[in-house]
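# Understanding the architecture of this molecule
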Amino acid sequence: MELPTLVRLTTGITLLTCVLAVLGVQSYAAGRARRAALVDRLSHTGRLTTGGRRRHFRGLDRRLRRTGLGRRLELRLAATGLDITPGEFFVYMLAVVAGLWIVGEATLAPFFGPIAGLLGIWAAIQFLNWQRQKRIERFIGQLPELARILANATQAGLALRTAIGMAAEELEAPAGEELGRVSDQLAIGQSMDDALGELADRLPSRELVVLVTTLVLANRAGGQVVSALRNLTETLEERKETRREVRTQLSQVTMTSYAVPVLGIGALFLMNGVKDGALERMTGSPVGQACVIIAFALYALGFLLIRRMSRIDV
């Protein structure tokens with residue numbers, strides 16, 4: 001073989017190899033992007049982060065998700081239904097803590113800055129708990145309709161997986177979103193027990209546990225689920241009315257539990273307003289600081305005791 005022919009052949013093979021390498025890299029990158037999008041869409045907060053708005057603090061969010069705190073925060077945010085990532089929530093919480101710290105030092109005394117910051121962290125946690133509980137209450141209110149749809153679908157001869165997908169399309173949030181996640185997990189091969197178990201973990205309630213147990217047992221045993229769901233629908237309707245009556249009766253006690261710490265904080269502002277600099281002089285000694293800490297601890301204890309005594313499980 002002549003040398004020019006050999007050079008051209010070698011050059012052609014080299015160019016072909018480079019083209020194939022570029023195509024392979026592009027295909028690999030596209031596959032990783034599709035996989036990352038699928039994982040994000042089917043993760044605990046995936047449905048909450050696909051709204052199209054631009055996400056902030058992505059680097060911090062990725063690093064935070066690798067930690068145990070970030071994973072717990074991600075699960076808690078998924079249960080609240082908020083359109084926010086763990087990184088965004090963490091930064092916003094730090095901003096609130098810093099703002100309360102500065103306000104506490106400026107309006108009361110330097111000693112109250114760290115206390116105000118701790119109150120900011122507590123307020124952020126309580127906000128998540130409130131959002132989660134509100135979402136759970138809304139989901140519980142939709143459970144009778146959910147059980148009715150599943151009963152009608154299974155009575156019509158549809159499989160339980162298909163019935164769950166149908167309920168996800170017909171129901172509004174939060175039941176529609178949560179069942180959509182269950183349907184997505186079933187579509188990628190997750191078992192019925194695990195998918196429904198994760199649903200019960202995200203939105204814990206007795207009503208949901210009963211429904212999940214009924215569906216899991218019916219799926220394992222292959223028995224008739226229609227009659228069980230019919231009876232469960234009536235029971236859920238009765239429990240819904242009972243919960244509404246109990247919540248109405250305890251509304252005054254609930255407001256009292258929040259009024260107790262508010263009155264304590266208001267007394268501090270009133271004391272400082274009557275005599276400017278009184279709190280700074282009071283917290284200038286270790287005895288005064290200890291008294292303030294004990295007072296805050298007693299207010300917190302009173303809040304917890306009132307909430308505990310007014311908690312009635314139905």
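Note that the structure is predicted; figures quoted are calculated from it, not measured. (Residues numbered from 1 in each chain as written. Predicted model: local features only at pLDDT ≥ 70, side-chain atom pairs only at ≥ 80, totals over all residues. Heavy atoms only, no water.)

## Quick look at the nonpolar core
As a reminder of what qualifies: The criterion is simple. A nonpolar core is a set of buried Ala, Val, Leu, Ile, Met, Phe, Trp, Tyr and Cys residues joined through side-chain atoms within 4.5 Å. Relative accessible area decides the class of each residue, using a 1.4 Å probe on protein chains only: under 20% of the type maximum gives buried, over 50% gives exposed, and in between gives partly exposed. Numbering goes from the N terminus for both helices and strands, where a helix is a DSSP run of H or I of at least four residues and a strand is a run of E of at least two. The contact criterion used throughout is that any non-hydrogen atoms of two residues lie within 4.5 Å.
Grouped together as the largest cluster of nonpolar side chains are 35 residues, with contacts concentrated most on Phe139, Leu143, Leu146, Leu150, Ile164, Leu179 and Leu196. Looking at which element gives the most residues to this core, the answer is helix α5 (residues 112-155), with 10 residues. With residues near it in sequence (within four places) discarded, leucine 150 still touches Ala163, Ile164, Ala167, Leu215 and Leu229. Among the nonpolar cores identified, the runner-up in size contains 10 residues, and Leu73, Ile84, Val97 and Ala124 belong to it.

## Side note on the pattern of salt bridges
Cut-off, in case you're wondering: Any carboxyl oxygen of Asp or Glu within 4 Å of a side-chain nitrogen of Lys or Arg constitutes a salt bridge here.
As enumerated under the stated definition, the model contains 7 salt bridges in all. Measuring nitrogen to oxygen at the nearest pair gives 2.7 Å for the salt bridge that ties aspartate 61 to arginine 65. Here arginine 65 and aspartate 61 lie together in helix α2 (residues 58-65), a separation of 4 residues that amounts to about one turn. Accessibility assignment for this pair places aspartate 61 and arginine 65 in one class, buried. Across the salt bridge formed by arginine 148 and glutamate 145, the nearest N and O atoms sit 2.7 Å from each other. One end of the pair is arginine 148 and the other is glutamate 145, both in helix α5 and 3 residues apart, which spans about a single turn. A relative accessible area of 36% places glutamate 145 in the partly exposed class. Through salt bridges with shared partners, one network takes in Arg135, Glu177, Glu178, Arg181 and Arg202.

## Brief notes about a positive patch on the surface
Formally: Like-charged residues are merged into a patch within 9 Å and nonpolar side chains (Val, Leu, Ile, Met, Phe, Trp, Tyr) within 5 Å, provided each residue has over 30% relative accessible area and no salt bridge. Here the Shrake-Rupley method, with its probe set to 1.4 Å, supplies the accessible areas, and only the displayed protein chains count as covering residues. Residues scored as charged are limited to Lys and Arg (positive) and Asp and Glu (negative), so that His and the chain ends carry no count. We put the charge of a Lys on NZ, of an Arg on CZ, of an Asp on CG and of a Glu on CD.
A cluster of basic residues, Arg54, Arg58, Arg62, Arg63 and Arg66, forms a positive patch at the surface. Mapping arginine 63 onto the fold places it in helix α2.

## Quick look at the confidence of the model for the protein
Rule in force here: Scored between 0 and 100, pLDDT is the confidence that the predictor attaches to each residue.
On average, residues of the protein carry a pLDDT of 80, and 87% of them reach 70 or more. Averaged pLDDT values over the elements of the protein bottom out at 69 in helix α1 (residues 3-42) and peak at 90 in helix α4 (residues 86-107). Per-residue pLDDT stays below 50 along residues 44-51; that stretch engages in 30 contacts with residues further than four places along the chain or on separate chains.

## A closer look at the packing of aromatic side chains
To keep things clear, this is the line we draw: Paired rings are identified among Phe, Tyr and Trp, the last through its six-membered ring, by centres lying within 6.5 Å, and are further divided according to the angle between planes into stacked (under 30 degrees), edge-to-face (over 60) and tilted (the rest). Both a distance and an angle decide whether a charge sits over a ring: NZ of Lys or CZ of Arg must be within 6 Å of the ring centre and within 35 degrees of the ring normal.
Within the structure shown, the criterion is met by 6 aromatic pairs. Where phenylalanine 111 meets phenylalanine 112, the ring centres are 5.8 Å apart and the plane angle is 80°; that geometry is what we call edge-to-face. Given the relative accessible area of 2%, phenylalanine 112 is considered buried. An aromatic cluster is defined as three or more aromatic residues linked by ring pairs; in this entry it consists of Phe111, Phe112 and Phe296. Over the face of the ring belonging to tryptophan 130 we find lysine 134, whose NZ or CZ atom lies 4.4 Å from the ring centre.

## A few points about the environment of glycine 273
One can find glycine 273 in helix α11 (residues 251-274). Considering only alpha carbons, one finds glycine 273 and leucine 108, 165 residues apart in sequence, at a separation of 9.3 Å.

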